[in-house]
Amino acid sequence: MEVNVYNIKGEDTGRKITLNESIFGIEPNDHAIYLDVEISGSTRKIGRQKGGGGARRGDMNSPVLIGGGRVFGPKPRDYYFKLNKKVKALARKSALSYKAQENAIIVVEDFSFEAPKTKDFVALTKNLKVSDKKLLMILPESNKNVYLSARNVKGANVQTISGLNTYRVLDAGVVVLTEGAVSAIDNILM
């Protein structure tokens, strides 16, 4: 699938980039998407088992801590389960394929702002004609100026490839990829 590449002024550069068919052109798997979106929470251990000088603490819900849980409170069923890496990757591919089928993917040249200015990001969204839609911008690596510029824009979300997840892709009305992000997605999801 080929898509036009735009610059930050919204003008067509005349170049086209090919989106990988094994990522953007697969038959979407709804069940994998459902499984990936339904996962919840962390129970990371917050202290050492011994040597802390006090009671053992398992996680933030420990009754030993202020704001922790009740000691023998009601226990609703825990719906947490582990999802395999390949199923997660399939869910992300399926979500990106849905966006490709809806023509909701825009590819932009790699860019950076000199300083974090919200008006620069708003101008970018207006130039790409996506200012009225919920936007997910995917960058190949973290760019502080772009992130800070988009932070105050309602409905805009800036993510790096490493933070890409199924829910955010599905939730967005339009996915804006930079050229570097397209090649990085190929490397991660292949």
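Look above for the structure.
Residues numbered from 1 in each chain as written. Predicted model: local features only at pLDDT ≥ 70, side-chain atom pairs only at ≥ 80, totals over all residues. Heavy atoms only, no water.

This brings us to the packing of helix α2 (residues 30-37) against helix α3 (residues 85-101). The packing of two helices is summarised by the inter-axis angle and the distance between the axes. At a closest axis distance of 8 Å, the pairing of α2 and α3 adopts a crossing angle of 115 degrees. It follows that α2 is roughly perpendicular to α3 by the angle criterion. For the pair α2 and α3, the sense of crossing is left-handed. The segment α2 lies against α3, with Asp-30, Ala-32, Ile-33, Leu-35 and Asp-36 engaging Val-87, Lys-88, Leu-90, Ala-91, Ser-94, Ala-95 and Tyr-98. Partitioning the contact of α2 with α3 into residue classes produces eight nonpolar, one polar and three charged. (Axes fitted to C-alpha atoms, helices over the stretch in contact; angles between N-to-C directions. Helix = DSSP H or I, 4+ residues; strand = E, 2+ residues; numbered from the N terminus. Parallel < 35°, antiparallel > 145°, perpendicular 65-115°, else oblique. Left-handed = near helix turned anticlockwise from the far one by under 90°. Contact = heavy atoms within 4.5 Å. Nonpolar A, V, L, I, M, F, W, Y, C, P; charged D, E, K, R; others polar.)

Looking now at the side chain of Asp-186. Tracing the sequence through the fold places Asp-186 in helix α7 (residues 179-189). As a buried residue without a salt bridge, Asp-186 has its nearest oppositely charged side chain in Lys-93, at a separation of 9.5 Å. Excluding anything up to four places from it in sequence, Asp-186 contacts Asn-20 and Ile-23. (Buried < 20%, exposed > 50% of the residue type's maximum accessible area, 1.4 Å probe, protein only. Lys, Arg positive; Asp, Glu negative; His and termini not counted. Salt bridge = Lys/Arg side-chain N within 4 Å of Asp/Glu carboxyl O.)

Looking only at helix α4 (residues 118-127), the buried set comprises Phe-121, Leu-124 and Thr-125. Viewed end-on, α4 has its buried residues packed into an arc of 95 degrees, placing them on one side of the element. Those residues of α4 that are exposed and aimed more than 90 degrees away from the buried face are Lys-119 and Lys-126. Structurally, α4 contributes buried residues whose contacts are with β4 (135-139), α5 (144-150) and β5 (156-160). Just past α4, the residue Lys-129 takes up positive phi, approximately 60 degrees. (Arc of directions from axis to C-beta.)

Ranked by size, the top nonpolar core spans 25 residues in total, and within it Phe-24, Ile-138, Leu-177 and Ile-185 carry the most contacts. When residues of this core are traced back to their parent elements, those giving at least two are β1 (2-6), α1 (21-24), α3, β3 (105-108), β4, β6 (174-178) and α7. With five residues, α7 is the largest single contributor of residues to this core. Sequence-distant contacts of Ile-185, defined by excluding residues within four places in its chain, comprise Ile-23, Phe-24, Leu-96, Ile-161, Leu-177 and Met-190. (Core = buried A, V, L, I, M, F, W, Y, C linked by side-chain atoms within 4.5 Å.)

This paragraph deals with the sheet that holds β6. Pairing between the strands of a sheet is mediated by backbone hydrogen bonds and can be parallel or antiparallel. What the six strands build is an open sheet, ordered β2-β1-β3-β6-β4-β5; its pairing is mixed. Looking along the sheet, the strands with just one partner apiece sit at the ends: β2 (12-18) and β5. Each adjacent strand pair in this sheet contributes to an overall mean axis angle of 30 degrees, direction not counted. Sheet topology note: the β1/β3 ladder contains two bridges and is parallel. Counterpart to Val-5 in the pairing with β3 is Val-107. The sheet contacts of α4 involve β4 and β5, and relative to β4 the element is tilted by about 105 degrees. (Pairing = 2+ DSSP bridges.)

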